[in-house]
Amino acid sequence: MHRLPETPMMSVELARIDYRTTPEYYIDTEQVTDPVMLHLLSCCPTVFGLKKAVADLLAGHLDIALPEPAGVIEPGATVRGQVIAAAGAVIAEGAFVTGPVLVCPGAVIEAGARVRDNTVIGPGCRIGFGAEVTRSLLTGGVFMKHTSFVGDSVLGLGVNIGAFVSTTGLRVTSGPVTEPATEEVCAHLDGHRVATGQTKFGAVIGDGVIVPAGTVLQPATLIGAHTLLYPKTQVGGFFPAGSQGR
């Protein structure tokens, strides 16, 4: 069996002082007005802590109140577990939502969409037919209008996910897949492996990024805000904010 060469591991402490691992590198927090979203982004030194922060939020372990469930859940929607649709949110007929999930104001989960397992759908997001989101934070204005999958990931403002896009949370080099996963997923910066503290980690996609149709994002892909991605079957690694790549 072929093995990839080992690359030096960067300590968590060093990663935390690297601006490229902070939420602010990927998300313009000055454009975020939702109080719950602001609290989530401000309580995590790095983007790698946001998955746990979402789980803690939905379990009531963070010092912020969840919004009232004043949104619309249409007859014919399948809703199980703790699901909060905030005022102005819509879970449409034919949607599938399994909590714990928070759907923020102005977000719409459309017919045929599936949202589940410790996910926050931010204000103004549109999750369309065939799209699936799990264990993720969508900050706001995210469009997933077509068949696609986002798991164990963080998406910034105004991200557009094309048809048949998928994030990947586990590496194939770790041997047979086990559930639950046991091996930590690492990101890569400047030739160093950066510990994420996660056994499943998909991607961080910054503000304004359009992920072209048919793209598969490798585990722990980091895409800075306003990066232009050209069409390619697989994308991975780190893309600086404002760069172009494939």
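Residues numbered from 1 in each chain as written. Predicted model: local features only at pLDDT ≥ 70, side-chain atom pairs only at ≥ 80, totals over all residues. Heavy atoms only, no water.

**Concerning the pairing of strand β19 (residues 185–189)**
The test is simple: With a 1.4 Å probe rolled over the protein chains alone, any residue whose accessible area is under 20% of its type maximum counts as buried; one over 50% counts as exposed, and the rest are partly exposed. Strands here are runs of E lasting at least two residues and helices are runs of H or I lasting at least four, both read from the DSSP assignment and numbered beginning at the N terminus. A pair of strands counts as paired when DSSP detects no fewer than two bridges linking them.
With four of five residues buried, β19 lies mostly within the body of the structure. The antiparallel pairing of β19 with strand β20 (residues 192–198) creates a hairpin that spans two residues between the two strands, and aspartate 190 there sits at a positive phi of about 55°.

**Examining helix α4 (residues 50–58)**
With seven of nine residues buried, α4 lies mostly within the body of the structure. Residues Leu50, Lys51, Ala53, Val54, Asp56, Leu57 and Leu58 constitute the buried set of α4. At the exit of α4 stands glycine 60, carrying a positive phi of roughly 80°.

**Side note on the confidence of the model for the protein chain**
Heads up, the condition is: Note on scores: pLDDT gives the predictor's confidence for each residue, bounded by 0 and 100. Note on definitions: a residue-residue contact is assigned when non-hydrogen atoms from the two residues lie within 4.5 Å.
Taken residue by residue, the protein chain gives an average pLDDT of 91. The fraction at 70 or more is 90%. Across residues 1–8, confidence stays below pLDDT 50; counting only partners more than four residues off in sequence or on other chains, it has nine contacts. Note on residues 10–15: pLDDT is under 50 here. Beyond four places in sequence and across chains, it has nine contacts.

**What to know about the environment of phenylalanine 239**
Its location among the elements puts phenylalanine 239 in strand β27 (residues 238–239). According to the relative accessible area criterion, phenylalanine 239 is buried, its value standing at 7%. Taking the C-alpha atoms as reference points, phenylalanine 239 and glycine 206, separated by 33 residues in sequence, lie 9.9 Å from one another. If we ignore the near neighbours within four places in the chain, the residues touching phenylalanine 239 are Leu222, Ile223, Gly224, Thr227, Leu229, Gly245 and Arg246.

**Digging into the sheet that holds strand β16 (residues 154–157)**
Read across the open sheet, the eight strands follow the order β4-β7-β10-β13-β16-β21-β24-β27; overall the sheet is parallel. Unpaired on one side and paired on the other, β4 (83–85) and β27 mark the two borders of the sheet. Bridge count for strand β21 (residues 203–205) against strand β24 (residues 221–223) is three bridges, and the pairing is parallel. When the bridges of β24 are listed, alanine 203 appears paired with threonine 221.

**Details of the side chain of arginine 20**
To keep things clear, this is the line we draw: As used in this structure description, the phrase polar contact means that two N or O atoms lie within 3.5 Å; if the pair is within protein, one of them must be able to donate a hydrogen and the other to accept it, and residues adjacent in sequence are counted only when both atoms belong to side chains.
Residue placement: arginine 20 occurs in the loop between α1 (12–16) and α2 (23–26). There is a polar contact of 2.8 Å between the side chain of arginine 20 and the side chain of aspartate 18. When near neighbours in sequence (up to four residues on either side) are disregarded, arginine 20 contacts Tyr25, Tyr26, Leu189, Asp190 and Phe238.

**Considering the pattern of salt bridges**
A side chain with one charge can pair with a side chain of the opposite charge if their charged atoms come near. Stated formally: When a carboxyl oxygen of Asp or Glu lies within 4 Å of a side-chain nitrogen of Lys or Arg, that pair is called a salt bridge.
Scanning all chains against the criterion turns up nine salt bridges. Across the pair arginine 20 and aspartate 18 runs a salt bridge, and its minimum N-O distance is 2.8 Å. The partner of lysine 51 in a salt bridge is aspartate 152, with the nearest N and O atoms 2.8 Å apart. Taken together, the residues span a long stretch of sequence, with lysine 51 in helix α4 and aspartate 152 in the loop between β15 (148–151) and β16 at a distance of 101 residues.

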